[in-house]
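Spelled out from the first residue to the last, the chains are:
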Amino acid sequence: MTARYGPGIALLVVDVQNDFADPAGSLYVAGGEQIVEGVNAEVEAAVAAGSPVFYSQDWHPARTPHFVTDGGVWPPHCVAGTAGAGFHPDLVVSGEVIRKGVDGADGYSAFSVRDPASGHRSATVLGERLAELGVSTLVVVGLAGDHCVRESALDARLQGLTVVLPLARTRFVNLHPGDGERAVAAMRDAGVLVG
């Protein structure tokens, strides 16, 4: 696995948080806890090879149009400062954390957020950080494959990055039947190296 990392390559760990990766979480992704060991192996390999590691973290206000309680589609989750918003306790955190959804915006991608009222998109600092470090390839792991992982991978492709997605290091919500398969197809169509 160490061969996956090295100069010009970074690792992005997406939303391995208690509300997604713990069976008691408010938006549990089935099998989410099963990827933690593998994600940690990716972190260890990246660090050993000198590759930077970034972590995205949902960090919502208590009320947001993102939640079903305020007109959205998702149950309240990853509310700032709660245990559910914390990283899974077994996750090795060894890099910069990029918080998203902080101001109530839809924060699916680690690269950008979208105002739910106006639709306006704005960038997070992740793209700038990767450019500063001369990163050309991004390995993406985490939760969930059909939402935040997919959107982060697609945004990375739009920025011209080579994107590698090891399927064993993600799980899917499958809010609708087939969402996982459609997400994988969309990523492959965009040039994401899914394996």
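Preceding this paragraph is the structure being described.
Everything numeric in this text was worked out from a predicted model, so none of it was measured. (Residues numbered from 1 in each chain as written. Predicted model: local features only at pLDDT ≥ 70, side-chain atom pairs only at ≥ 80, totals over all residues. Heavy atoms only, no water.)

A. Quick look at the overall build of the protein. Within the protein, the secondary structure is distributed over five helices and nine strands. Written out in order from the N terminus, the α and β elements of the protein read β-α-α-β-β-β-β-α-β-α-β-β-α-β. Relative to a compact globule of 195 residues, whose C-alpha radius of gyration would be 16 Å, the protein shows 15 Å and is just as compact. Principal-axis analysis of the C-alpha atoms places the extent of the protein at approximately 45 × 35 × 35 Å. When contacts within the protein are restricted to residue pairs at least 6 apart in sequence, those whose partners lie at least 24 apart make up 71%. Of the roughly 8300 Å² that the protein leaves accessible, carbon and sulfur atoms contribute 55%. Charge centroids of the protein, computed over 13 positive and 22 negative side chains, lie 4 Å from each other. (Helix = DSSP H or I, 4+ residues; strand = E, 2+ residues; numbered from the N terminus. Rg over C-alpha atoms; globule rule 2.2 N^0.38 Å. Contact = heavy atoms within 4.5 Å. Areas by Shrake-Rupley, 256 points an atom, 1.4 Å probe, with all protein chains shown as cover. Lys, Arg positive; Asp, Glu negative; His and termini not counted. Charge placed at Lys NZ, Arg CZ, Asp CG, Glu CD.)

B. Focus on the side chain of D179. Within the element layout of this structure, D179 appears in helix α5 (residues 179-189). Setting aside residues up to four positions removed in sequence, D179 forms contacts with D146 and N174.

C. Geometry of the nonpolar core. Core analysis: the largest hydrophobic core is formed by 28 residues, its most contacted members being L11 and V13. Secondary-structure elements contributing two or more residues to this core are β1 (9-14), α1 (18-21), α2 (36-48), β2 (53-58) and β6 (137-143). In terms of residue count, α2 provides more of this core than any other element does, five residues in total. In this structure, V13 is in contact with V39, V43, V53, F54, Y55, S56, L91 and V141, ignoring residues within four places of it in sequence. Within the second largest apolar cluster, 25 residues are counted, among which are I98, F111, L161 and A183. (Core = buried A, V, L, I, M, F, W, Y, C linked by side-chain atoms within 4.5 Å. Buried < 20%, exposed > 50% of the residue type's maximum accessible area, 1.4 Å probe, protein only.)

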